Amino acid sequence: AWFDEQGLTGFAKWLRSQAREEVGHGMRLFDYASDRGGRVLLRSIAEPAADFGSPLKCFEEALAHEQAVTRSIHDLYTLTVDEKDYATQVQLQWFITEQVEEEKTALDIVDKLRLVGDQKTALLILDRDLGARGPDGDD
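Residues numbered from 1 in each chain as written. Predicted model: local features only at pLDDT ≥ 70, side-chain atom pairs only at ≥ 80, totals over all residues. Heavy atoms only, no water.

Enquirer: What is the right way to look at the packing of aromatic side chains in this model?
Expert: Given two aromatic rings, one states the distance between the centres and the angle between the planes to describe the pair. A full pass over the atoms with the stated rule returns seven aromatic pairs. Their ring planes at 75° and their centres at 5.1 Å tell us that tryptophan 2 and phenylalanine 3 sit as a pair that is edge-to-face. When sorted by exposure, tryptophan 2 lands in the same class as phenylalanine 3, which is buried. Here phenylalanine 3 and phenylalanine 11 contribute two aromatic rings whose centre-to-centre distance is 4.8 Å and whose plane-to-plane angle is 10°, an arrangement assigned as stacked. For the pair phenylalanine 3 and phenylalanine 11, one class covers both residues: buried. Each member of the aromatic cluster is reached from another via a ring pair, and the members are Trp2, Phe3, Phe11, Trp14, Phe52 and Phe59. A cation sits over an aromatic face here: arginine 28 above tryptophan 94, 3.9 Å from the ring centre. A cation over a ring is seen here: arginine 28 above phenylalanine 95, with NZ or CZ 5.8 Å from the ring centre. (Phe/Tyr/Trp six-rings, centres within 6.5 Å; stacked < 30°, edge-to-face > 60°. Buried < 20%, exposed > 50% of the residue type's maximum accessible area, 1.4 Å probe, protein only. Lys NZ or Arg CZ within 6 Å of the ring centre and 35° of its normal.)

Enquirer: So what exactly am I meant to see when it comes to the nonpolar core here?
Expert: As a rule of thumb, nonpolar side chains are buried together in soluble globular proteins. With 18 residues, the main nonpolar core has Phe3, Phe11, Phe59, Ile109, Leu113, Leu123 and Leu130 as its most contacted residues. Among the secondary structure elements, those contributing two or more residues to this core are helix 1 (2-5), helix 2 (9-35), helix 3 (55-82), helix 4 (86-116) and helix 5 (120-131). The element best represented in this core is helix 4, accounting for five residues. With residues near it in sequence (within four places) discarded, leucine 113 still touches Phe11, Pro55, Leu56, Phe59, Leu123 and Leu126. (Core = buried A, V, L, I, M, F, W, Y, C linked by side-chain atoms within 4.5 Å. Helix = DSSP H or I, 4+ residues; strand = E, 2+ residues; numbered from the N terminus. Contact = heavy atoms within 4.5 Å.)

As structure tokens, this is what we get:
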């Protein structure tokens, strides 16, 4: 929403597509837990920031979030090793691999935004490029 307010609709589109992808990842875990006979409890999450100050700050926060998600997945994987839960290890391996991609993508955008700096023309080009992302997260 913040990017829409800034007139950076390509960034906004990219993040909406990313959000849909993340919901799919969450549902993958939801379904797996349910399939294994687990009880899924959904808890509230903190309200996201409404103002970021700059595109760079937004994506630095996105990168930090992806890194936190990676740490959480690694912690879960460690638990599955301790518990000898081989099926869940296989399931989590997909997420471990996915997080490498997620962190790389966020870092690439952070790096580009650092290069762009205050150059509005370059920011608009990056906005256009990010807006070209397909509806399912495909580039």
